[in-house]
Amino acid sequence: MDPQTYQSTGEMLRNLLTLAWLLPLAGFVLEVFAGYWSHRLSRAAAYSAVFCIAAGFVCSFAALMYWGHQTHWSALESHASPADHHDVLKYFSGTYYTLAEFGKLRIAIDYHIDSLTLVMFTMVTLIATMIHIFAIGYMSDELTEHYEDHQVHTAHGHFHRPGRFYMFFAYLSLFSFSMLGLVLAGNVFQVFVFWELVGVCSYFLIGFYFERKSASTAANKAFIMNRVGDFGFLIGLMILWTWFGTFQFNERVESDANGRDVVMPGLFDMLRDDHGNVTVLPANDHDSYARVFLADPGHSGALKHEGHKEGKTMPYFLLVVAGLGIFAGCVGKSAQFPLQTWLPDAMEGPTPVSALVHSATMVAAGVYLAGRFYPMFLPEVLLTIAYVGCITLFMAATIAVVATDIKRVLAYSTISQLGYMMLGIGVGGWTAGLFHLITHAFFKSLMFLCSGSVIHGCHHEQEMPKMGGLIRKMPITAYTMLVGVIAICGLAIPGISIFGIKIAFSGYHSKDAIIATAMTFSQLNGSHFLLFVVPLLGAGITAFYMFRLWFYTFIGQPRDHHVYDHAHESPVVMWAPLIVLSFFAAFVAFKGEAGSLFKLLLDTEPASVAHGLHDVGLAGDLNFPSHVGIEENHKAAGLYALLVAVMGTTLAYLFYGARVLNPAEVKRQFAGVHNFLVEKWQFDILYDAAFVRPVHVIAKWFVAFDRNVLDGFLHATARTAVSIATLDRRFDETVVDGLVNLVGNVTYDAGRSLRYVQTGRLRQYVMFIVLGVVGIWIVMRLFAA
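So, how was this worked out
- Residues numbered from 1 in each chain as written.
- Predicted model: local features only at pLDDT ≥ 70, side-chain atom pairs only at ≥ 80, totals over all residues.
- Heavy atoms only, no water.
- Helix = DSSP H or I, 4+ residues; strand = E, 2+ residues; numbered from the N terminus.
- Rg over C-alpha atoms; globule rule 2.2 N^0.38 Å.
- Buried < 20%, exposed > 50% of the residue type's maximum accessible area, 1.4 Å probe, protein only.
- Contact = heavy atoms within 4.5 Å.
- Pairing = 2+ DSSP bridges.
- Salt bridge = Lys/Arg side-chain N within 4 Å of Asp/Glu carboxyl O.
- Expected span 1.5 Å × (residues − 1).
- 1 Å grid on protein atoms, 1.4 Å probe; cavity = no way out; pocket = protein on both sides within 12 Å on 5 of 7 lines; lining within 4 Å.
- Points joined across faces, edges and corners; volume = space filled by probe spheres on them.
- Nonpolar A, V, L, I, M, F, W, Y, C, P; charged D, E, K, R; others polar.
- Axes fitted to C-alpha atoms, helices over the stretch in contact; angles between N-to-C directions.
- Parallel < 35°, antiparallel > 145°, perpendicular 65-115°, else oblique.
- Patch = residues over 30% accessible without salt bridge, like charges linked within 9 Å, V, L, I, M, F, W, Y side chains within 5 Å.
- Areas by Shrake-Rupley, 256 points an atom, 1.4 Å probe, with all protein chains shown as cover.
- Core = buried A, V, L, I, M, F, W, Y, C linked by side-chain atoms within 4.5 Å.
- Domains from an automatic or database assignment.
- Bend = angle between axes of the 7 residues up to and from the residue.
- Phe/Tyr/Trp six-rings, centres within 6.5 Å; stacked < 30°, edge-to-face > 60°.
- Lys NZ or Arg CZ within 6 Å of the ring centre and 35° of its normal.

This brings us to the overall build of the protein. If you tally the helices and strands in the protein, you get 25 helices and 14 strands. Relative to a compact globule of 785 residues, whose C-alpha radius of gyration would be 28 Å, the protein shows 37 Å and is clearly more extended. If you line up the protein on its principal axes, its C-alpha atoms span 155 × 80 × 50 Å. Put simply, the protein has 785 residues, and 53% of those count as buried. In the protein, once contacts between residues fewer than 6 apart in sequence are set aside, the share between residues at least 24 apart is 75%.

Okay, structure coming up:
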């Protein structure tokens, strides 16, 4: 690709994605002012939001098609820099605006566009568009001046408030804008800014019904637990800025004082060479710990390492800490162990919010960042990511088995599937992990909207034990939900294909890619066999609890005739998005690893992944699989996963479909295990005992200290001041006022005594004059004598 074509292609992609990014922000502004200017019965805010996000999807899809046309759907490996005029389009990056420069340190609004960016933009905008349309029907009860909340009780009955229809869509638009900004960001500092904005939007939406104690508590819990993870994120940022001196992902081209182009390396370029390898300098007599070589030609006093680029070194353990810090932010955002407890409680928000949070925005952000930041993760960090994902997927899956709230089952399912994604990334399956992120977004958004349709049709009933037989009342919802269930379970018809294509939905391809990668990793690292066994077992558990949900809700006889009698199918504005999403849930991964989606993600895969890594890590005992090794195991891993999924499906049918087995009897026999799972592995109790109660105790100590010491000191000071003021008043009244009063009394008495001589009688005045004259004459005579 010649320089002019490269430049024009990059500018076209930038313009399209920038427009797609800013349209939801424009919608947010319009919706806020439309709600202020218009009445609460207007749907203008919803139409504005749908138009803006739908237009964003059109721009994103156009950019994806343009990229595919320019690259012939295969951006071949190329490590040429922009300064060398890319022969092919691998990625395009640049700067919108430089906010500040501190010497070599630079903070800017950058953009980074590659096939991962384009796929994420298209996925987010498409799913958000469907959710916006669905929400027009679901949130229609907010179109009123007097909304009655039946879950909030006051002394005068149910709580009444004005409807918040326009505000809901304003929040959705801002949420979409924040996620798109995070995906488009070209540096990790900008990612952090939009990362926090995503968190704020989730706080607003989870706590949308903030008058409800449960909703406000859930919003606070989500916000606080995410801040715990973000504390680690900040530590990672500080380490990176200190040692790398940049936040930018990839290199950028700047002009020097002479007008020449100078290539400034990004984080990935400084850490890894052209083959994706990290140069580790072992400990020696001069250094008591290992160091990592960083290529940095601009560094003063730069060193050269065996013909490598000029650069510097940093302690190995600090880069591990930085990676773990960034991953801690991912743990909080994607609700991974041990910060997973906030996500199920987030179901207190409206169901469209749950759909958006669980598929295309909040939790997807953590997996996206883990994938984007993959080149910065050392082997020890990747192994940590793998085990965190492994623990999370199993733990959440077991809790979903006993959950009875239809939305909470899906919430724990989300946590478990996010664990699969993290596991895939941690064992070296970068493409597999992000492949599952995309497929999961479609079938999970579908299932959440289906659950919303059920809740809407059952007059806001969410408990599955009160449902049953609803397939007869809402067939569209039931069958579209079945598509999502089959997709997430990874079911397929083995040995049969049409035109060489397997008969399978999207989840089969993406989940099997993760399990195949985990299987290959466990073969290369025998001591880590649980990283394959646990996700394989989790595939069976997933099939069990998802078909349990479907059978429990739609099959059999009604368990609550009041709910059943009033149940109905949702209006077309709600079931139409279900049809669209069910299509993508089934076919978005068409052809699996031979399909366009997988190849698009593969184009962005870091250079070190394809050939695998051997004898890496500080101890030199970790091996990561290559594409060839994974491909050799893919068929076997797929059969294993399919077998356990079929077993889980069959077991769910026997319990909840055919009712051959009695769930109540199993619950009675394993009451201890059941209670343990109902209590969510006791994590809320543990955190309450370990953090909440100690904080309350310490708070009581400070309250006592405040009341007894600080308030006592202030009260004593006040009493002293009052006593001094009392003495001062007495001195003032006795001495100062006494003296003033004495002078006044004397003056007053003197004035009164003059009344006797000041009578106004002329004869008396003449007599005083005569007497005075006589007196003066006598005195003068006396002095003369």
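Before going further, it helps to spend a moment on the pairing of strand β1 (residues 92-102). The side chains of a regular strand alternate between the sheet's two faces. Two elements, β1 and strand β2 (residues 105-113), share 9 bridges in a ladder whose sense is antiparallel. Along β2, the bridge assignment pairs G94 with Y111. Where β1 hands over to β2, the hairpin turn is made up of 2 residues, of which G103 adopts a positive phi near 70 degrees.

What follows covers the pattern of salt bridges. When the charged atoms of two side chains with opposite charge come close together, those side chains can pair. Applying the stated criterion across every chain yields a total of 16 salt bridges. K221 serves as the salt-bridge partner of D345, at 2.7 Å between the closest nitrogen and oxygen. Residue D345 is located in helix α9 (residues 342-345), and its partner K221 is located in helix α6 (residues 213-244); the two are separated by 124 residues in the primary sequence. The pair formed by D345 and K221 is uniform in burial state, with each residue classed as buried.

Turning our eyes to something else, we now look at helix α16 (residues 506-524). Taking 1.5 Å of rise per residue, 19 residues should cover 27 Å, and α16 covers 28 Å from first to last C-alpha, within 8% of that figure. Among the 19 residues that make up α16, 17 are buried, leaving the element largely enclosed by the rest of the structure.

Quick look at the pairing of strand β8 (residues 291-295) now. Of all 5 residues making up β8, 5 are buried, and the element is well covered by its neighbours. Both faces of β8 are covered, namely the face carrying R291, F293 and A295 and the face carrying V292 and L294. In this structure, strand β7 (residues 280-281) lies alongside β8, joined through 2 bridges in antiparallel fashion. Bridged to V280 within β8 is V292.

With that settled, the discussion passes to the layout of surface pockets. In this structure, the largest pocket occupies an estimated 880 Å³ of space. Considering the residues around the largest pocket, the lining is formed by 28 residues, among which V401, V402, F544, Y656 and V666 are closest to the centre. Those elements giving two or more residues to the lining of the largest pocket turn out to be α12 (379-400), α17 (530-554), α21 (627-657), α22 (663-669) and α23 (671-678). Here the lining of the largest pocket is composed, by residue class, of 19 nonpolar, 6 polar and 3 charged.

Bringing empty space enclosed by the protein into the picture now. Tallied over the full model, the rule gives 3 cavities of 30 Å³ or more. By volume, the largest cavity amounts to about 80 Å³. Forming the boundary of the largest cavity are Q340, T341, P344, M395, A396, I399, Y412, I415, K680 and F683. For the lining of the largest cavity, the elements supplying multiple residues, two or more each, are α12 and α13 (406-426). Here the lining of the largest cavity takes 3 residues from α12, the largest share from any one element. Looking at the lining of the largest cavity residue by residue, the class counts come to 7 nonpolar, 2 polar and 1 charged.

Another aspect to go through is the packing of helix α11 (residues 362-372) against α13. One way to put it is that α11 packs onto α13 with a least axis distance of 10 Å and a crossing angle of 5 degrees. Put simply, α11 runs roughly parallel to α13. On α13, the residues that touch V363, G366, V367, A370 and G371 of α11 are T414, L418, M421, M422 and I425. In the contact of α11 with α13, the residues fall into 7 nonpolar, 3 polar and no charged.

This brings us to a nonpolar patch on the surface. Where nonpolar side chains cluster on the molecular surface, the patch consists of L762, V766, V770, V774, W777, I778 and L782 and spans about 710 Å² of accessible area. Position of I778 among the secondary structure elements: in helix α25 (residues 762-784). Residue I778 is classed as partly exposed on the basis of its relative accessible area, which comes to 40%.

Right, let's get into the nonpolar core. In terms of nonpolar packing, the biggest core is built from 224 residues, with F244, W342 and F373 touching the most fellow members. Apart from the residues lying within four places of it in its own chain, the contact partners of F244 are L267, M270, L271, L294, K312, M314, L319 and M376.

Moving on to the domain arrangement of the protein. Under the domain assignment, the protein is made up of domain 1 (378-678) and domain 2 (684-772). Using only C-alpha atoms to locate each centre, domain 1 and domain 2 end up separated by 79 Å.

Before going further, it helps to spend a moment on the side chain of H436. On the secondary structure map, H436 appears in helix α14 (residues 430-457). With near-sequence residues (within four places) excluded, H436 lies in contact with Q417, Y420, M421, F443, S510, K511 and I514.

Turning next to the environment of G68. Here G68 is to be found in helix α2 (residues 44-71). Of the residues examined, G68 reaches a relative accessible area of 0% and is grouped as buried. When the C-alpha atoms of G68 and T279 are compared, they prove to be 35 Å apart, with 211 residues separating the residues in sequence.

Let's shift gears to α6. Compared with an ideal rise of 1.5 Å per residue, which puts 32 residues at 46 Å, α6 spans 46 Å between its outermost C-alpha atoms and is within 8% of the ideal. Roughly 25 degrees is the biggest bend found in α6, and it falls at V228. Directly beyond the C-terminal end of α6, a positive phi value near 75 degrees is found at G245.

Geometrically, a pair of aromatic rings is defined through the distance of the ring centres and the angle of the planes. On inspection of all chains with the given rule, the structure shows 42 aromatic pairs. Seen in terms of ring centroids, F168 and F208 are 5.4 Å apart; in terms of plane orientation they differ by 80 degrees. Their pairing is edge-to-face. Residue F168 is located in helix α4 (residues 165-184), and its partner F208 is located in the loop between α5 (188-206) and α6; the two are separated by 40 residues in the primary sequence. By relative accessible area, F168 is classed as buried at 0%. For the ring pair F177 and F194, a centre distance of 5.8 Å and an interplane angle of 75 degrees mean the geometry is edge-to-face. One end of the pair, F177, is in helix α4; the other, F194, is in helix α5, with 17 residues separating them in the sequence. Like F177, the residue F194 is buried in the burial classification. These aromatic residues form a ring-pair network of at least three members: W21, F92, Y96, Y111, F177 and F194. Sitting over the ring of F208, R164 keeps its end group 5.8 Å from the ring centre. Taking NZ or CZ as reference, K473 lies 4.4 Å from the ring centre of Y564, over its face.

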